[in-house]
Amino acid sequence: MPDPAHRDLLLRQEASRQTGGTVTLTAAEQKLDSYLRRLKEQEMSAAQFLPALHFFKAKPLIQKSSIFKLLQKMPKGAALHVHGSSLVSVEWLVKNVTYRPNCYICFTWDNSVRFLFSDRQPFPRWDCFYWQLLETLRARVGDPTGFDNSLMQHLTLFTEDPDNQYPNQDVVWEKFEKAFIAAAGLITHAPVLRDYFYRGLEELHSDNIMYVELRSGLSRTYDLDGTIHDKVWTLKTFQEVTKKFIADHPDFVGTRIIISVHRALSVSEVTAAVKEAIQLQRDFPDIVAGFDIVGREDGGRTLWYFRKALSLPAELGATLSYFFHAGETDDEGTDVDQNVLDALLFNTKRIGHGYALAHHPLAKELSRKGNVAVELCPISNQVLKLVSDLRNHPATVLMAEGHPMVISSDDPSLFGTTGLSYDFYQAFVGIGGLKANLGTLKELAGNSIK
Ligand SMILES: O=c1[nH]cnc2c1ncn2[C@@H]1O[C@H](CO)[C@@H](O)[C@H]1O
């Protein structure tokens with residue numbers, strides 16, 4: 001029989017490698033940890049293991065969970081992987097923004113919607129022939145609640161029947177991109193953008209988050225009379241709103257922007273965007289964090305495809321920090337699957353998603369040694385169909401190995417979440433399992449503000 005004392009020693013050694021395994025807990029924290037463990041045993045043995053359900057089905061049940069309620073109260077540090085155009089709850093977009101005067105709507109041939117604020121009847125566009133004043137239309141349909149719910153459906157992925165609505169990744173990604181386009185007309189109206197951003201910070205702050213980094217393309221914004229504002233205007237607006245928010249909430253620390261472009265762009269377009277981002281980071285060092293390339297990785301252009309553009313800062317002797325999405329794929333062995341290694345070769349500061357990282361021993365080693373944290377977004381991975389049951393998420397291995405990682409929400413409006421508590425729940429209960437404890441939570445929150 002193996003020596004029980006030796007076995008004990010090995011078990012302790014192994015546990016100490018787990019994320020949070022080296023965090024020491026005070027006596028009071030140990031008490032809380034035992035309580036958390038009991039709660040977790042109950043929730044994990046419940047007939048419906050919530051992180052195994054599609055998030056849309058689990059959400060109302062998570063809201064009743066005692067662990068979730070504790071997580072809401074916990075200071076969670078920073079939200080480091082959030083897309084700026086999916087920041088605020090769709091209820092607010094519909095109930096507040098679409099009720100503002102001069103809001104026009106148009107239904108497109110592909111069953112999507114467009115919004116536009118205008119002081120006159122908008123001209124037909126290629127994607128939108130017939131614009132109607134929302135106020136008039138809402139009055140005419142007679143059932144404003146039903147109408148508003150249908151508007152929300154265009155702006156979120158939420159559905160009661162996700163398994164049938166989204167049979168595969170192609171279907172869910174198509175709806176996903178359509179929802180971004182639909183929301184754009186609301187969010188890029190200049191006066192709305194200010195309120196939208198302030199509201200987004202409120203939602204984060206009320207979930208005990210102190211800092212956020214937003215991926216944003218800094219889309220041009222417009223005024224009622226059609227005046228267009230450029231990226232500098234948008235950055236200044238982010239800067240001003242953040243300042244006001246901190247004045248109103250002194251415990252909030254700040255916001256920074258990771259300038260993002262879509263991977264559907266050409267090399268020359270990305271080259272121009274990199275040049276512009278270098279300049280913007282130079283001009284706004286306190287608000288521009290760096291640069292990323294976004295959009296669905298599978299079937300999309302790779303980081304290596306853009307290598308000339310991405311090498312520019314080094315060639316020019318300029319600085320531009322990278323925060324690349326990489327390895328948000330289960331297509332092992334394809335070109336996109338190499339994004340994780342290439343992201344590291346381009347000195348990315350963090351890896352967005354890194355779902356594929358577990359299958360890349362060398363990239364994993366580099367990320368660990370360089371302390372390049374993986375931005376784990378469990379709900380996003382579930383909704384966008386990379387994984388169904390979180391117990392099978394490759395991050396279970398990363399967490400067991402103490403790999404540097406942070407937890408984030410990716411697209412709160414589209415997934416119907418606010419703050420990070422839902423994401424922490426899924427990571428803590430689903431991915432961490434019984435092994436993850438209060439030390440794990442402390443380390444995850446701590447990693448985000450290092
Ligand atoms: O999880 C994600 N992976 C990759 N791209 C994403 C994800 N979430 C959003 N976007 C991309 O960000 C753009 C808006 O900033 C969206 O158009 C979408 O392509």
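Predicted model, so just to flag it, every value in this text is computed and none were measured.

Draft legend 1. Highlighting the UniProt feature "domain: Adenosine deaminase" (unreviewed entry) in the protein. The residues that UniProt annotates with the feature "domain: Adenosine deaminase" (unreviewed entry) are residues 168-449. Segment residues 168-449 splits into 47% helix and 14% strand. End C-alpha atoms: 36 Å apart.

Draft legend 2. Fine view of the sheet that holds strand β9 (residues 288-294). Strands sit in the order β1-β5-β8-β9 across an open sheet of 4 strands; the sheet is parallel. The strands lining the two open edges of the sheet, one partner per strand, are β1 (78-83) and β9. Within the sheet, the average angular offset between the axes of one strand and its neighbour, ignoring direction, is 25 degrees. The pairing of strand β5 (residues 211-216) with strand β8 (residues 254-262) spans 6 bridges and is parallel. Opposite R215, over in β8, you have I258 as the bridge partner.

Draft legend 3. Spatial organisation of the pairing of strand β11 (residues 350-353). Of the pairings in the sheet, the one linking strand β10 (residues 325-326) to β11 comprises 2 bridges and is parallel in character. The partner of A326 across the bridge, within β11, is H353. For the handedness criterion, the β-α-β arrangement of β10, helix α14 (residues 339-345) and β11 is classed as right-handed.

Draft legend 4. The packing of helix α4 (residues 66-73) against helix α19 (residues 421-431), seen in detail. Interhelical geometry of α4 versus α19 gives an angle of 125 degrees and a closest axis separation of 9 Å. Judged on the interaxial angle alone, α19 and α4 are oblique. As for how α4 packs across α19, the hand of that crossing is right-handed. Of the residues in α19, those touching α4 at I67, F68, L71 and Q72 are S421, F424, Y425 and V429. Taken together, the residues of the contact of α4 with α19 break down into 6 nonpolar, 2 polar and no charged.

Draft legend 5. Local environment of the site of the ligand. Taken together, 16 residues form the shell around the ligand, and within it H83, F180, V294, G295 and D410 come nearest. Counting residues per element, the ones that place at least two in the shell around the ligand are α9 (169-187) and β8. Of the residues that constitute the shell around the ligand, the class distribution is 2 nonpolar, 8 polar and 6 charged.

Draft legend 6. Expanded view of the UniProt feature "domain: Adenosine/AMP deaminase N-terminal" (unreviewed entry) in the protein. UniProt's feature table lists "domain: Adenosine/AMP deaminase N-terminal" (unreviewed entry) at residues 6-71, given in the numbering used throughout. Split by type, residues 6-71 is 68% helix and 0% strand. Its first and last C-alpha atoms lie 36 Å apart.

Draft legend 7. Just the pairing of β5, in detail. With 5 of 6 residues buried, β5 is to be regarded as a mostly interior element. Examined bridge by bridge, β1 and β5 share 4 bridges and lie parallel to one another. Residue pairing in the sheet places A78 in a bridge with Y211 of β5.

Draft legend 8. Structural context of the nonpolar core. Grouped together as the largest cluster of nonpolar side chains are 111 residues, with contacts concentrated most on V340 and Y425. For this core, the element with the highest residue contribution is α19, accounting for 7 residues. Apart from residues no more than four positions distant in its own chain, V340 is found in contact with A326, G327, I351, G354, A356, L357, H360 and A363.

Draft legend 9. Main features of the domain arrangement of the protein. Partitioning the protein into domains gives domain 1 (69-88 + 190-447) and domain 2 (93-165). Spacing between the C-alpha centres of domain 1 and domain 2 amounts to 29 Å. Contacts between the two partners involve 9 residues from domain 1 and, on the opposite side, 10 residues from domain 2. No other element matches the 3 residues that helix α18 (residues 412-415) contributes to the side of domain 1 that touches domain 2.

Draft legend 10. Layout of the confidence of the model for the protein. For the protein, per-residue confidence averages 97 on the pLDDT scale, and 100% of positions sit at 70 or higher. For this predicted complex, the interface confidence reaches an ipTM of 0.95, while the overall pTM sits at 0.97.

Draft legend 11. Up close: helix α20 (residues 438-447). The element α20 is largely enclosed, with a buried count of 8 among its 10 residues. For α20, the full list of buried residues reads L438, G439, T440, L441, E443, L444, A445 and N447. Contacts made by the buried residues of α20 are with α2 (27-45), β12 (373-376), β13 (405-407) and α19.

Draft legend 12. Just the sheet that holds β11, in detail. What the 4 strands build is an open sheet, ordered β10-β11-β12-β13; its pairing is parallel. If you trace the sheet from one side to the other, it starts and ends with β10 and β13, each paired once. Bridge count between β12 and β13: 3 bridges; the pairing is parallel. Across the sheet, residue V374 finds its bridge partner in β13, namely M405. Where α20 meets the sheet, it contacts β12 and β13, and its direction lies at approximately 90 degrees from that of β13.

Draft legend 13. Structural view of helix α13 (residues 307-316). Every buried residue belonging to α13 is among A309, L310 and P313, and all of these are buried. Relative to the axis of α13, the buried residues are bounded by an arc of 105 degrees and lie together on one face. Exposed residues lying more than 90 degrees from the buried face of α13 are A314 and E315. Buried residues along α13 sit in contact with α12 (267-283). Positive phi shows up at G317, right after α13, with a value of about 70 degrees.

Draft legend 14. Main features of the environment of R120. Looking at where R120 falls in the secondary structure, it is placed in the loop between β3 (113-117) and β4 (132-133). Between the C-alpha atoms of R120 and N102, which are 18 residues apart in sequence, the distance is 8.1 Å.

Each value, and the rule that gives it
- Residues numbered from 1 in each chain as written.
- Predicted model: local features only at pLDDT ≥ 70, side-chain atom pairs only at ≥ 80, totals over all residues.
- UniProt positions renumbered as here; feature names shortened; annotations may be inferred.
- Helix = DSSP H or I, 4+ residues; strand = E, 2+ residues; numbered from the N terminus.
- Pairing = 2+ DSSP bridges.
- Axes fitted to C-alpha atoms, helices over the stretch in contact; angles between N-to-C directions.
- Right-handed = clockwise from strand over helix to strand, strands pointing away.
- Parallel < 35°, antiparallel > 145°, perpendicular 65-115°, else oblique.
- Left-handed = near helix turned anticlockwise from the far one by under 90°.
- Contact = placed C-beta atoms within 7 Å.
- Nonpolar A, V, L, I, M, F, W, Y, C, P; charged D, E, K, R; others polar.
- Near = placed C-beta within 6 Å.
- Buried ≥ 20, exposed ≤ 12 C-beta atoms within 10 Å, placed from the backbone.
- Core = buried A, V, L, I, M, F, W, Y, C linked by C-beta atoms within 7 Å.
- Domains from an automatic or database assignment.
- pLDDT = per-residue confidence, 0-100.
- Arc of directions from axis to C-beta.

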